[in-house]
Amino acid sequence: MPKTFLRGELEFAKPNRGDQNRGIVRLSEALTSMRANIWRLPAGGRGRRHRELVQEELFVVLEGTATLVLGDPGELVALPQGSITVVEPQTPLQVRNDSDEDAIVLIVGAPPEEGQVEYLPSYDQ
């Protein structure tokens, strides 16, 4: 049966690790062939820098402006609302919010592999 997530009904939880000022809506329980989460990044918030070993990731900025740090050395890519980026496996990346307002980002990964990730030092520029 389809599962609908309405914007006004989203409840952001604390993430399991990393920056605890972020919020997460876990969508993966409703999926079978991919993983997905909606992340709220407050001003200055950032995800963990990592490299997915087998998973391709799709980033969709639903609200605000997010910044992706891609590659090594990191290249900053500003993503205003409505932007979409596809990141291939093995690409070092970090999502962060360099703006003064919250950013809401849908992140989808496939295949739905967990634990196939390498965590990297944060990119601080």
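Placed above this text is the structure.
Please read these numbers as outputs of a predicted model, since none were measured by experiment. Along each chain, numbering runs from 1 in the same order as the chain's sequence is written. Per-residue local features of the predicted model are confined to residues with pLDDT of at least 70, and side-chain atom pairs are confined, for both listing and counting, to 80 or more; whole-chain, interface and lining totals are unaffected and use all residues. Values shown for side chains rest on all heavy atoms present in the structure; no hydrogens or waters enter the calculation.

Enquirer: When you look at the pairing of strand S6 (residues 75-80) in this model, what are you seeing that I'm missing?
Expert: Strand residues, when the strand is regular, have side chains that alternate between the two faces of the sheet. In the sheet, strand S5 (residues 65-70) pairs with S6 via six bridges, with the strands oriented antiparallel. Among the inter-strand pairings, threonine 65 is bridged to a residue of S6, identified as proline 80. Two strands qualify as a pair provided DSSP detects at least 2 bridges between them. Numbering of helices and strands runs from the N terminus; a helix is a DSSP stretch of H or I covering at least four residues, while a strand is a stretch of E covering at least two.

Enquirer: Honestly, the pattern of salt bridges in this entry has me stumped. Any pointers?
Expert: Opposite charge on two side chains permits pairing when their charged atoms draw close. When a carboxyl oxygen of Asp or Glu is within 4 Å of a side-chain nitrogen of Lys or Arg, the pair counts as a salt bridge. Per the counting criterion, the structure on display carries four salt bridges. Ionic pairing is found between glutamate 63 and arginine 7, a salt bridge with its closest N-O pair at 2.6 Å. With glutamate 63 in strand S4 (residues 56-63) and arginine 7 in the segment before strand S1 (23-26), this pair connects stretches of sequence that are 56 residues apart. Think of it in three bands: residues with accessible area under 20% of the maximum for their type are buried, residues over 50% are exposed, and the middle band is partly exposed, with areas taken using a 1.4 Å probe on protein chains only. For arginine 7, a relative accessible area of 43% translates into the label partly exposed. With its nearest N and O atoms 3.1 Å apart, the salt bridge here joins arginine 96 to aspartate 98. Residue classification places arginine 96 among the buried residues on the basis of a relative accessible area of 3%. Looking at aspartate 98, the relative accessible area reads 45%, which means it is partly exposed.

Enquirer: Looking at this structure, how should I read the side chain of histidine 50?
Expert: As for its placement among the helices and strands, histidine 50 is situated in strand S3 (residues 50-52). Under the relative-accessibility criterion, histidine 50 is labelled buried at 11%. For histidine 50, the side chain forms a polar contact with the side chain of glutamate 57, separated by 3.3 Å. A contact between two residues is defined here by any heavy atoms of the two lying within 4.5 Å. Setting aside its immediate chain neighbours within four residues, histidine 50 contacts Glu57, Thr91, Pro92, Leu93, Val117, Glu118, Tyr119 and Leu120. Between N or O atoms, a polar contact is any pair within 3.5 Å; within protein, one atom must be a potential hydrogen donor and the other a potential acceptor, and residues adjacent in sequence are included only when both atoms are from side chains.

Enquirer: What am I meant to see in the sheet that holds strand S10 (residues 117-119) here?
Expert: In any sheet, the strands associate via hydrogen bonds between backbone groups, in a parallel or an antiparallel arrangement. Across the sheet, which stays open at both edges, the five strands sit in the order S6-S5-S8-S3-S10 with antiparallel pairing between neighbours. Edge positions in the sheet fall to S6 and S10, since each of these pairs with one other strand and no more. Along the sheet, successive strands turn relative to each other by an average axial angle of 30°, direction set aside. Bridge count between S5 and strand S8 (residues 92-96): four bridges; the pairing is antiparallel. The axes used here are C-alpha line fits, helices contributing only the stretch in contact, and every angle between their N-to-C directions lies in the interval 0 to 180 degrees.

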